[in-house]
Amino acid sequence: MSEAFEVPSPHEKHIEHTTEHAHGRGDSFASRIAVMTALMATLGAMLSYQAGSTESEAAMDKNNAAIIKTEAANQWNYYQAKSSRQNLAELATHIPGVDAAHYKDEIERYRNQKEEVRKQAEKLEATSKAWDEKSEQALHQHHRWAQAMTAIQIAISLAAITLLTRKEWLKRLSYTAAGVAMLLGSLAWLHV
């Protein structure tokens, strides 16, 4: 059994090195940035999970809509077959020497059967439309989660640059991006 191990990137090594030295010197600036970066990474993991979850939900809802739409199409085909038989029975009533009463009964039977099939097809189409709408809502929510994830990734990148450059304005920009991520995440959570 092989054991998995992670090889840190040079960027990660540099941040770790800078953070360790800053912490050893009592550098509160670097310590605050490091803690904030860890919190943002945690938020990013949760946003990523939610984005993936809603994307899967949207795909499943769209799949359900397609399955039911196919069932509705099958019902409409059945309706068309009943219409064709009704039309043939109507045509038969005009043929001389044929039992017209028998075919009039057939016409009525097909008319009644068609009505039931039409109702079923329309019901299936309405259900398919509802699944489509549910899919669209989940996809919209997915986009909000993805936007929040992008904003938190930008915030984390800015925090890393802040740690290296020690620029206060970059720290504020990083916190602003994290705030935007939280706002977008809240909108996704509220289904807005």
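Below or above, wherever it landed, is the structure these notes cover. Bear in mind the structure is a predicted one, so any value in this text is a computation, not a measurement.

As a further point, take the overall build of the protein chain. Looking only at helices and strands, one finds four helices and zero strands in the protein chain. Secondary structure elements of the protein chain, listed N to C terminal, follow the sequence α-α-α-α. Taking as baseline every contact in the protein chain between residues at least 6 positions apart, the subset at least 24 positions apart corresponds to 81%. Counting every atom, the protein chain has about 12,600 Å² of accessible surface; 60% of that belongs to carbon and sulfur.

Nonpolar side chains tend to gather and get buried jointly when the protein is soluble and globular. Ile33, Met40, Leu47, Trp145, Ile152, Ala155 and Ala178 are the most contacted members of the largest nonpolar core, which has 21 residues in total. For this core, the secondary-structure elements that each account for two or more residues are helix H2 (28-92), helix H3 (100-165) and helix H4 (168-189). Among the elements that make up this core, the one with the highest residue count is H3 (nine residues). Leave out the neighbours within four places in its chain, and Leu47 touches Trp145, Ala148, Met149, Ile152 and Gly185.

This brings us to a nonpolar patch on the surface. Taken together, the side chains of Trp189, Leu190 and Val192 make up a nonpolar region of the molecular surface, amounting to roughly 360 Å² of accessible area. Relative to the elements of secondary structure, Trp189 occurs in helix H4. On the basis of relative accessible area, Trp189 is assigned to the exposed category, the value being 63%.

Among the secondary structure elements, Asp61 is positioned in helix H2. In contact with Asp61, other than residues within four places in its own chain, are Trp131, Lys134, Ser135 and Ala138.

All right, on to the pattern of salt bridges then. The tally for this structure, following the rule as stated, stands at eight salt bridges. For the salt bridge of Arg111 with Glu90, the shortest nitrogen-to-oxygen distance reads 3.8 Å. In this pair, Arg111 sits in helix H3 while Glu90 sits in helix H2, placing the two residues 21 residues apart along the sequence. With relative accessibility at 38%, the residue Arg111 sits in the partly exposed group. Taking the relative accessible area as the measure of exposure, Glu90 reaches 28% and is therefore partly exposed. One salt bridge in this structure joins Glu168 and Lys171, with 2.9 Å as the shortest N-O distance. Taken together, the residues Glu168 and Lys171, both in helix H4 and three residues apart, mark about one turn of the helix. For Lys171, a relative accessible area of 11% corresponds to the buried category. When salt bridges that share partners are traced, they join Lys62, Asp132 and Glu136 into one network.

Reading the values: rules and limits
Throughout, residues of each chain are indexed from 1 in the direction in which the sequence is written. Confidence filtering applies because this is a predicted model: local features only for residues at pLDDT of at least 70, side-chain atom pairs given and counted only at 80 or more, and all residues used for totals across whole chains, interfaces and linings. Think of the side-chain values as coming from all heavy atoms in the structure, minus any hydrogens and water. Note on conventions: DSSP H or I runs of at least 4 residues are helices, E runs of at least 2 residues are strands, and numbering of each starts at the N terminus. In this description, contact between two residues means that some pair of their heavy atoms is separated by no more than 4.5 Å. Residue-level accessible areas treat just the shown protein chains as cover; the underlying method is Shrake-Rupley with a 1.4 Å probe. Side-chain atoms within 4.5 Å are what join buried Ala, Val, Leu, Ile, Met, Phe, Trp, Tyr and Cys residues into a set we call a nonpolar core. With a 1.4 Å probe rolled over the protein chains alone, any residue whose accessible area is under 20% of its type maximum counts as buried; one over 50% counts as exposed, and the rest are partly exposed. Distance thresholds for patches are 9 Å for like charges and 5 Å for nonpolar side chains (Val, Leu, Ile, Met, Phe, Trp, Tyr), applied to residues having over 30% relative accessible area and no salt bridge. By convention in these notes, a salt bridge is any Lys or Arg side-chain nitrogen within 4 Å of a carboxyl oxygen on Asp or Glu.

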